[in-house]
Amino acid sequence: MADDDADDRLLTREAFDASQVANELKFVEDGVELMDYLYNRGKFSNREEYPRPGIILLDLNMPKKDGRESLAEIRKDPQFNSLRVIVLTTSKAEEDIYRSYNLGAASYITKPVTFESLVEVIRTLGKYWLEIVELDNGIHPH
């Protein structure tokens, strides 16, 4: 999850826990850290501690490098083209929604979301997206 808001990160962590969807949620605070994570640079250079994500939850409004720039960079690099990106942001701007989907975002969710709604979204992801990611990686869900 790439999001600069500590409260949103905490809410997402708690929603994942409440959903009971198996996960290894990792957090970065901006687009620079996200790309460092994906390229395994800097503090994210330990592949065992920071494995390649199956899904990226991406806020658009972050410092240093925002989610718009990050999504465009992800889609330009062939090694990341298959990554599923879910935009989770406060932006309701039509241009952001259109551009995100045009760049291959799997979903676009606007904040604020209630805790219950976020838990339900995660459960849906767990039933659909996360199983597909596991199957794509040759791992069969239990």
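Refer to the preceding data block for the structure.
Residues numbered from 1 in each chain as written. Predicted model: local features only at pLDDT ≥ 70, side-chain atom pairs only at ≥ 80, totals over all residues. Heavy atoms only, no water.

**Looking at the packing of aromatic side chains**
With the rule as written, the count across this model stands at 3 aromatic pairs. Aromatic side chains Tyr39 and Phe80 sit 5.0 Å apart centroid to centroid with 70 degrees between the ring planes, which places their arrangement in the edge-to-face category. In this pair, Tyr39 is assigned in helix α2 (residues 31-39) and Phe80 in the loop between α3 (67-76) and β2 (84-89), connecting sequence segments 41 residues apart. Note on Tyr39: relative accessible area 26%, which makes it partly exposed. Here Phe80 falls in the buried class, since its relative accessible area comes to 1%. (Phe/Tyr/Trp six-rings, centres within 6.5 Å; stacked < 30°, edge-to-face > 60°. Helix = DSSP H or I, 4+ residues; strand = E, 2+ residues; numbered from the N terminus. Buried < 20%, exposed > 50% of the residue type's maximum accessible area, 1.4 Å probe, protein only.)

**A short note on unusual backbone geometry**
Keep in mind that most residues, glycine aside, have a negative phi and that most peptide bonds are trans. In the segment running from Lys111 into Pro112, the intervening peptide bond is cis, with an omega of 5 degrees. Within the secondary structure layout, Pro112 lies in the loop between β3 (107-110) and α5 (115-127). Even without a glycine there, the phi angle at Gln20 is positive, about 60 degrees. With respect to the secondary-structure elements, Gln20 resides in the loop between α1 (6-19) and α2. Given a relative accessible area of 72%, Gln20 falls into the exposed group.

**Quick look at the pattern of salt bridges**
If you walk through the whole model with that rule in mind, you get 11 salt bridges. Salt-bridge contacts for Asp3 lead to Lys111; the nearest nitrogen and oxygen are separated by 2.7 Å. Within this pair, whereas Asp3 is found in the segment before α1, its partner Lys111 is found in the loop between β3 and α5, the two being separated by 108 residues in sequence. Exposure remark for Lys111: the relative accessible area of 9% places this residue in the buried category. One salt bridge in this structure joins Glu29 and Arg9, with 3.6 Å as the shortest N-O distance. Pair noted here: Glu29 is in the loop between α1 and α2 and Arg9 is in helix α1, with a separation of 20 residues, a long-range link. (Salt bridge = Lys/Arg side-chain N within 4 Å of Asp/Glu carboxyl O.)

**Here's the deal with the packing of α2 against α3**
Running from N to C, α2 and α3 cross one another at 25 degrees; their axes reach a closest spacing of 9 Å. Regarding the angle of α2 to α3, the classification is roughly parallel. α2 and α3 meet at a crossing whose hand is right-handed. Judged by residue contacts, Gly31, Leu34, Met35, Leu38 and Tyr39 of α2 engage Ser70, Glu73 and Ile74 from α3. (Axes fitted to C-alpha atoms, helices over the stretch in contact; angles between N-to-C directions. Parallel < 35°, antiparallel > 145°, perpendicular 65-115°, else oblique. Left-handed = near helix turned anticlockwise from the far one by under 90°. Contact = heavy atoms within 4.5 Å.)

**A short note on α2**
Taken as a whole, α2 has its buried residues at Gly31, Glu33, Leu34, Met35, Tyr37 and Leu38. The inward-facing, buried residues of α2 abut β1 (55-58) and α3. Capping the start of α2, Asp30 holds a side-chain oxygen 2.9 Å from the backbone nitrogen of Val32, two or three residues further along. At the C-terminal side of α2, Asn40 shows a positive phi close to 55 degrees. (Polar contact = N/O pair within 3.5 Å; in protein donor to acceptor, adjacent residues only side chain to side chain.)

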